[in-house]
Amino acid sequence: MKVHFKIKRFNPEKDKKSYWGEYDVEAEESDRVLDALQTVKWEIDGTLNFRRSCAHGICGSDAMRINGRNSLACKLLIRDAVQGGKIVVEPILGLPVIKDLIVDMEPFFAHYRAVMPYLINDTEPGERERLQSPEERARFDDSTKCILCACCTTSCPSFWVRGDYVGPAAIVQAHRFIFDSRDQGAAKRLDVLGEPEGVWRCRTVFNCSEVCPRDIQVTQAIGEVKAALITGRID
Amino acid sequence: MSMIPTPVIADNNPYRARYLANQKMKPRNAFERVAWQFMRYSGLALVFLALSHWGLQHLINSVHDLTLDATISRWGIAGQTATLEIWFWRAYYAVLLGLAMMHGLNGLRQVLYDYFHYRPLYWGFMVLSTVLIVFVSVAGLAVLLLGVNAAATGAAVVR
């Protein structure tokens, strides 16, 4: 099938403003949007820039706004994306654009680092390892699925209007450790998330849960962190 | 095929003890948390208060009877001893007014915080809206608690 692509282009060395690049691509219905973008880059216009690494929905580098909805270009099929023979592709919102579909992820990762996304435990692990029951592991299973693609954070209106909001992805990462029975840093992380730029900026819009390519219940994770802050308990 | 034993966490396991200790935590920054909880509870209360006010005005009483007299029958007249029923309605409307104003002010604060990144502008609008909302609340409470000045308003029936 023939698909008309409208891609937001911006080259800081040449352009004062972004503009729409329009391309007609011959693609199979079962192709992914990424395949079509590669066709554009390899066969039509080699100056098009976008990130992609694994191309199989694991590395999270090709998050983009496709027909107004954040998605991984490598996970979204043409037949699911196309609307009236057209696909509109833009960089994810709320982060500075470097070139074409590539954004500066540093503000996003700064929030990620702020929640201390690593195991905090000063005690000896014991003879073999830190044990955990299947129930305790299941408690934070959903939030371990995050691949840091930034689909959720850059779909959040609170993040769009105020980039210092820590954002859903960082909260999911904090959730992954707060509810881990082997971790001891919950109080520290909850201190960060209890700040004015923490979880309270979340207005339960649900965009994050809606767009997560890993189907993480992001809003629920944020709600559980809010509950932990209110009750002072993590269970 | 080797069997994997089910992990059992001993009560004397050091990290387990620290984990349990971590379960009683006192978050440091209380303001935003309290404001967030207030929005939820006041919002829920306002649904019932506003709906019952609407039901009272439009279903129980007729739309055509929404006169000053109807108001006086619930809020009382300035200078006259108020009955228990009047005190009930005064309390009802004081809670409705107070919650609505504070709920609105906090909502406005969030919107201003989101969109006015220049601090003096944010604080300017915050002070302005707080003054306006305090003025409306105080004026409303004064009428509620002191009663309606029927003579000044020229009500048809003075009971």
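All figures in this text were calculated on a predicted structure; none of them were measured in a lab.

Remarks on the overall build of chain A
Along its length, chain A carries 9 helices and 7 strands. Structurally, chain A occupies a C-alpha span of about 60 × 35 × 30 Å along its principal axes. Counting over 235 residues, chain A shows a buried share of 46%. Contacts spanning at least 24 positions in sequence make up 65% of the contacts within chain A whose residues lie at least 6 apart.

Digging into the packing of helix H2 (residues 31-60) of chain B against helix H4 (residues 84-115) of chain B
Residue and element names in this part refer to chain B. For the pair H2 and H4, interaxial distance at closest approach is 9 Å and the crossing angle is 135°. With respect to H4, the axis of H2 lies oblique. Handedness of the crossing formed by H2 with H4: left-handed. For the pair H2 and H4, contact is made by Ala35, Phe38, Met39, Ser42, Gly43, Ala45, Leu46, Leu49, Ala50 and His53 and by Val95, Leu96, Leu99, Ala100, Met102, His103 and Asn106, respectively. Class assignment of the residues belonging to the contact of H2 with H4 gives a composition of 12 nonpolar, 5 polar and no charged.

So, the pairing of strand S5 (residues 86-90) of chain A
Residues and elements named next belong to chain A. Residue alternation in S5 divides its side chains into a buried set, Ile87 and Val89, and an unburied set, Lys86, Val88 and Glu90. Of the pairings in the sheet, the one linking strand S1 (residues 2-9) to S5 comprises 4 bridges and is parallel in character. When the bridges of S5 are listed, Phe5 appears paired with Ile87. Of the strand pairs in this sheet, strand S3 (residues 63-66) and S5 are connected by 2 bridges, and their pairing is antiparallel. Note on S5: the bridge partner recorded for Ile66 is Val89.

Regarding the nonpolar core
All names here are of chain A. Counting residues in each nonpolar core, the largest one holds 68 residues, and the members touching the most others are Ile171, Leu193 and Val225. Ranked by the residues each element gives to this core, the list is headed by helix H6 (residues 167-178), at 7 residues. Summarising the domain contributions, this core has at least three residues from each of domain 1 (2-103) and domain 2 (106-231). Excluding residues within four positions of it along the chain, Ile171 makes contact with Val166, Leu193, Val199, Ala221, Ile222 and Val225.

As for H6(A)
All names here are of chain A. Between the first and last C-alpha of H6 there are 16 Å, a value that for 12 residues agrees with the 16 Å anticipated at 1.5 Å per step. Summarising burial for H6: 12 of the 12 residues are buried, a large majority. For H6, the complete set of buried residues consists of Gly167, Pro168, Ala169, Ala170, Ile171, Val172, Gln173, Ala174, His175, Arg176, Phe177 and Ile178.

Considering unusual backbone geometry
Residues and elements named next belong to chain A. Even without a glycine there, the phi angle at Asp100 is positive, about 45°. Here Asp100 is to be found in the loop between strand S6 (97-99) and strand S7 (102-103). Using a count of 23 C-beta atoms within 10 Å as the deciding quantity, one classes Asp100 as buried. At Asp215, a residue that is not glycine, the phi angle is positive and equals roughly 55°. Inspection of the secondary structure assignment puts Asp215 in the loop between helix H8 (207-211) and helix H9 (218-231).

Topic: the packing of H6(A) against H9(A)
All names here are of chain A. Interhelical geometry of H6 versus H9 gives an angle of 60° and a closest axis separation of 9 Å. On the basis of the axis angle, H6 is oblique to H9. With respect to the hand of their crossing, H6 and H9 are arranged in left-handed fashion. The segment H6 lies against H9, with Pro168, Ile171, Val172, Ala174, His175 and Ile178 engaging Val218, Ala221, Ile222, Glu224, Val225 and Ala228. Class assignment for the residues of the contact of H6 with H9 results in 10 nonpolar, 1 polar and 1 charged.

Brief notes about the domain arrangement of chain A
All names here are of chain A. Once the domains are mapped, chain A shows domain 1 (2-103) and domain 2 (106-231). The partner domain 2 presents 14 residues to the 14 residues of domain 1 that form the contact. No other element matches strand S4 (residues 69-72), which puts 4 residues into the side of domain 1 that touches domain 2. Along the lines of polarity and charge, the residues of the side of domain 1 that touches domain 2 split into 7 nonpolar, 5 polar and 2 charged.

Rules and cut-offs
Residues numbered from 1 in each chain as written. Chains lettered and ligands numbered in written order. Predicted model: local features only at pLDDT ≥ 70, side-chain atom pairs only at ≥ 80, totals over all residues. Helix = DSSP H or I, 4+ residues; strand = E, 2+ residues; numbered from the N terminus. Buried ≥ 20, exposed ≤ 12 C-beta atoms within 10 Å, placed from the backbone. Contact = placed C-beta atoms within 7 Å. Axes fitted to C-alpha atoms, helices over the stretch in contact; angles between N-to-C directions. Parallel < 35°, antiparallel > 145°, perpendicular 65-115°, else oblique. Left-handed = near helix turned anticlockwise from the far one by under 90°. Nonpolar A, V, L, I, M, F, W, Y, C, P; charged D, E, K, R; others polar. Pairing = 2+ DSSP bridges. Core = buried A, V, L, I, M, F, W, Y, C linked by C-beta atoms within 7 Å. Domains from an automatic or database assignment. Expected span 1.5 Å × (residues − 1).

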